[in-house]
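What follows is each chain in one-letter form.
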Amino acid sequence: MKTRKWVPIVVGVAVFLVFVAIGAAIVGVSWMREHVAIEETSGSGAEEAFGEVRRRFASKPPLLEVKGRDVIQRHDPPADAPRTELTTLHVLAWDEDESKMARIDVPFWLLRLKETPIQFGAYATGLDNLRVSLTASQLERYGSGIVLDIDDGGERALLWVE
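Residues numbered from 1 in each chain as written. Predicted model: local features only at pLDDT ≥ 70, side-chain atom pairs only at ≥ 80, totals over all residues. Heavy atoms only, no water.

Participant: An account of the overall build of the protein is needed here, citing residue identities and associated values.
Facilitator: Along the protein, the regular secondary structure elements total four helices and nine strands. For the protein, the α and β elements follow one another from N to C terminus as α-β-α-β-β-β-β-α-β-β-α-β-β. Within the protein, the proportion of its 162 residues that are buried is 35%. Within the protein, contacts between residues at least 6 apart in sequence are counted, and of these 65% link residues at least 24 apart. With an accessible surface of roughly 10400 Å², the protein has 59% of that area assigned to carbon and sulfur atoms. (Helix = DSSP H or I, 4+ residues; strand = E, 2+ residues; numbered from the N terminus. Buried < 20%, exposed > 50% of the residue type's maximum accessible area, 1.4 Å probe, protein only. Contact = heavy atoms within 4.5 Å. Areas by Shrake-Rupley, 256 points an atom, 1.4 Å probe, with all protein chains shown as cover.)

See below:
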């Protein structure tokens, strides 16, 4: 009877890939638990959290301000502005209907991996129709500060980089 030498190799590779997938899932869940926090809060609690971030960067206007479905202000950095070493993109989002606030911290190196512009918004917010997008290099030229300030009635979001 002829033995098949490739069967143990295929089984070994399959088992290895299963362990890699499990490890990736564990790392992903761990990262999410560390960088994403969702909490229930009142309107005044959310207002205080947004106000605290705005006070930290009061001397510098937001890169983009969106009211409703309109970009009301855009302060693009000059093309020759020196780049700042940024480490984190922070997101603070509040939904009045659910009284929940989300805090998300995204390492900036993830944004640098993206070669195409970063699209701020989703189809639900309508920002995609306004073509609101920025590149990581634009954010580095802008430096630390509020990148996007959205006020859409009951939904608010604030994105800033440090």
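Participant: If you had to explain the nonpolar core to someone new, which residues and values would you point to?
Facilitator: Counting 20 residues, the largest nonpolar core has Phe108, Leu139, Val147, Leu148 and Leu159 as its most contacted members. If you list the elements that add at least two residues to this core, you get strand 2 (64–67), strand 4 (88–95), helix 3 (108–113), helix 4 (136–142), strand 8 (145–152) and strand 9 (155–161). Grouped together as the second largest cluster of nonpolar side chains are 11 residues, Ala49, Phe50, Leu92 and Ile146 included. (Core = buried A, V, L, I, M, F, W, Y, C linked by side-chain atoms within 4.5 Å.)

Participant: An account of the side chain of Gln138 is requested, with residue identities and associated values reported.
Facilitator: For Gln138, the location among the structural elements is in helix 4. Since its relative accessible area comes to 19%, Gln138 is described here as buried. Look past the residues within four positions of Gln138 in its chain and what remains in contact with it is Arg74, Pro77 and Ser133.

Participant: Give me the lowdown on the pattern of salt bridges, citing residues and values where you can.
Facilitator: If you walk through the whole model with that rule in mind, you get seven salt bridges. The closest approach of N and O atoms between Glu47 and Arg156, which form a salt bridge, is 2.6 Å. Separated by 109 residues along the polypeptide, Glu47 in helix 2 (residues 43–56) and Arg156 in strand 9 bring together distant segments of the chain. What makes Arg156 buried here is its relative accessible area of 11%. The salt bridge involving Arg83 is made with Glu140; its shortest N-O contact spans 3.5 Å. (Salt bridge = Lys/Arg side-chain N within 4 Å of Asp/Glu carboxyl O.)

Participant: Requested: an account of helix 2, with residues and values cited.
Facilitator: With 14 residues, helix 2 ought to run about 20 Å at 1.5 Å a step, and its terminal C-alpha atoms sit 20 Å apart, in line with that. Ala46, Ala49, Phe50, Gly51 and Val53 are the residues of helix 2 that are buried. The secondary structure elements touched by the buried residues of helix 2 are strand 4, strand 5 (100–107), strand 8 and strand 9. (Expected span 1.5 Å × (residues − 1).)

Participant: Quick rundown of the side chain of His35? Include the residues and the values.
Facilitator: Within the secondary structure, His35 is located in helix 1 (residues 6–35). Apart from the residues lying within four places of it in its own chain, the contact partners of His35 are Arg103, Ile104 and Asp105.

Participant: Which residues make up the packing of aromatic side chains, and what values go with them?
Facilitator: On inspection of all chains with the given rule, the structure shows zero aromatic pairs. Directly above the aromatic system of Tyr142 lies the positively charged group of Lys60, at a separation of 4.1 Å from the ring centroid. (Phe/Tyr/Trp six-rings, centres within 6.5 Å; stacked < 30°, edge-to-face > 60°. Lys NZ or Arg CZ within 6 Å of the ring centre and 35° of its normal.)

Participant: Go over a nonpolar patch on the surface with me, naming the residues and quoting the values.
Facilitator: Taken together, the side chains of Trp6, Val7, Val10, Val11, Val15, Val18, Phe19, Ile22 and Ile26 present a nonpolar region at the surface, about 860 Å² in accessible area. Mapping Phe19 onto the fold places it in helix 1. (Patch = residues over 30% accessible without salt bridge, like charges linked within 9 Å, V, L, I, M, F, W, Y side chains within 5 Å.)

Participant: So what about unusual backbone geometry? Which residues, and what values?
Facilitator: Non-glycine residue Ser99 carries a positive phi angle of around 50°. Secondary-structure assignment places Ser99 in the loop between strand 4 and strand 5.

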